[in-house]
Amino acid sequence: MQIIRHSEQTLKTALISKNPVLVSQYEKLDAGEQRLMNEAFQPASDLFGPITLHSPSDWITSHPEAPQDFEQFFSDPYRKTPSPDKRSIYIQAIGSLGNTRIISEEYIKWLTGYCKAYFYGLRVKLLEPVPVSATRCSFRVNENTQNLQIHAGDILKFLKKKKPEDAFCIVGITMIDLYPRDSWNFVFGQASLTDGTGEVD
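Residues numbered from 1 in each chain as written. Predicted model: local features only at pLDDT ≥ 70, side-chain atom pairs only at ≥ 80, totals over all residues. Heavy atoms only, no water.

In the annotation of an unreviewed UniProt entry, the entry for the protein chain reads Archaemetzincin-2, and the organism field reads Macaca fascicularis. Looking at the Cofactor (unreviewed entry) heading of the UniProt record, one finds this comment for the protein chain: "Zn(2+)". Within the UniProt record for the protein chain, the comment given under Function (unreviewed entry) is "Probable zinc metalloprotease." (UniProt positions renumbered as here; feature names shortened; annotations may be inferred.)

Right, dumping it as structure tokens:
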């Protein structure tokens with residue numbers, strides 16, 4: 001196993017920007033937010049723990065990508081930002097999320113709380129759950145796992161049609177395997193930056 005651990009200097013280089021717009025945002029942080037920011041730069045912090053690579057098939061190893069620091073992310077021309085009339089994240093459950101209704105509701109409650117904390121300042125709204133049949137998506141049975149799988153692209157099209165006017169984005173949640181195309185075994189999720197839609201399983 002290989003462990004990737006970043007130094008304090010590496011974290012500061014990646015996270016601290018000299019961009020005037022970002023600098024002005026840093027200056028507006030309150031005392032609690034500043035403490036959280038300072039904690040992020042400590043190598044032992046839980047915020048940026050070491051990454052353990054278990055095998056050559058791990059995503060980081062098998063799909064090498066150029067690193068991206070925060071300033072590059074901020075300056076990405078394809079990055080969408082919320083506007084006064086589009087500040088809501090909608091969560092759409094597709095199919096059952098647990099063996100019982102109580103488990104499904106607890107899962108959604110946990111996910112909603114996480115979104116509210118992580119995307120601070122945005123509203124998080126729940127849409128009524130829908131059965132998989134409502135999406136009219138293509139499906140298949142995986143020949144290796146024998147699991148039912150639904151087509152990720154079809155789900156994105158369904159979410160685009162259901163996206164409310166005040167939505168910054170809409171996210172579909174399902175416990176059913178996804179596949180993006182026939183040649184792929186499976187995929188954990190897929191999103192469209194331009195449409196503001198995404199899905200995870």
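Trainee: Just give me the short version of the overall build of the protein chain, but keep the residues and values in it.
Mentor: Helix and strand counts for the protein chain stand at 7 helices and 10 strands. Considering only residue pairs separated by 6 or more positions, the protein chain has 70% of its internal contacts joining residues 24 or more positions apart. About 14000 Å² of surface is accessible on the protein chain, with carbon and sulfur atoms providing 57% of the total. Averaging the locations of the 22 positively and 24 negatively charged side chains of the protein chain gives two centres separated by 6 Å. (Helix = DSSP H or I, 4+ residues; strand = E, 2+ residues; numbered from the N terminus. Contact = heavy atoms within 4.5 Å. Areas by Shrake-Rupley, 256 points an atom, 1.4 Å probe, with all protein chains shown as cover. Lys, Arg positive; Asp, Glu negative; His and termini not counted. Charge placed at Lys NZ, Arg CZ, Asp CG, Glu CD.)

Trainee: Got a sec to walk through the sheet that holds strand 6 (residues 148–151)? Specific residues and values, please.
Mentor: With mixed pairing, the 3 strands of this open sheet are ordered in space as 5-6-8. At either margin of the open sheet sits one strand with a lone partner, and together these are strand 5 (139–141) and strand 8 (177–179). Across the sheet, the mean angle separating the axes of adjacent strands is 35° when strand polarity is ignored. In the packing of helix 7 (residues 152–162) onto the sheet, contacts are made with strand 6 and strand 8, and the angle to strand 6 comes to roughly 50°. (Pairing = 2+ DSSP bridges. Axes fitted to C-alpha atoms, helices over the stretch in contact; angles between N-to-C directions.)

Trainee: Please provide a residue-by-residue account of the pattern of salt bridges, values included.
Mentor: Counted under the stated rule, the structure contains 2 salt bridges. The closest approach of N and O atoms between Lys125 and Asp166, which form a salt bridge, is 2.9 Å. Residue Lys125 is located in strand 4 (residues 123–126), and its partner Asp166 is located in the loop between helix 7 and strand 7 (167–173); the two are separated by 41 residues in the primary sequence. Ionic pairing is found between Asp195 and Lys160, a salt bridge with its closest N-O pair at 3.6 Å. Of this pair, Asp195 sits in the loop between strand 9 (189–192) and strand 10 (197–200) while Lys160 sits in helix 7; the two residues are 35 residues apart in sequence, bridging distant segments of the chain. The partly exposed category is assigned to Lys160, whose relative accessible area is 48%. (Salt bridge = Lys/Arg side-chain N within 4 Å of Asp/Glu carboxyl O. Buried < 20%, exposed > 50% of the residue type's maximum accessible area, 1.4 Å probe, protein only.)

Trainee: For the packing of aromatic side chains, give the residues involved together with the corresponding values.
Mentor: If you walk through the whole model with that rule in mind, you get 6 aromatic pairs. Taking the centre distance of 5.8 Å and the plane angle of 10° together, the rings of Tyr114 and Tyr118 count as stacked. In this pair, Tyr114 and Tyr118 both sit in helix 6 (residues 101–118), 4 residues apart, roughly one turn of the helix. Assessed through its relative accessible area of 57%, Tyr118 is described here as exposed. Ring geometry for Phe186 against Phe188: centres 5.2 Å apart, planes inclined by 75°, an arrangement best described as edge-to-face. The class of Phe188 is exposed, set by a relative accessible area of 62%. What links up through ring pairs into an aromatic cluster is the set Tyr107, Trp110, Tyr114, Tyr118 and Phe119. The positively charged end of Arg79 is found above the aromatic ring belonging to Phe73, 5.3 Å away from the centroid. (Phe/Tyr/Trp six-rings, centres within 6.5 Å; stacked < 30°, edge-to-face > 60°. Lys NZ or Arg CZ within 6 Å of the ring centre and 35° of its normal.)

Trainee: Could you give an account of the sheet that holds strand 7, naming the residues involved and the relevant values?
Mentor: Ordered by their spatial adjacency, 5 strands build an open sheet running 4-3-7-10-9, and the pairing between neighbours is mixed. A single partner strand is all that each edge strand has here, and the edge strands are strand 4 and strand 9. Direction aside, neighbouring strands of the sheet carry axes that sit 20° apart on average. Bridging between strand 3 (residues 88–93) and strand 7 involves 6 bridges; their strand directions are parallel. Residue pairing for strand 7: Ile91 is matched across the bridge by Val171. Against the sheet, helix 7 contacts strand 3, strand 7, strand 9 and strand 10, and its axis sits at roughly 130° relative to strand 10.

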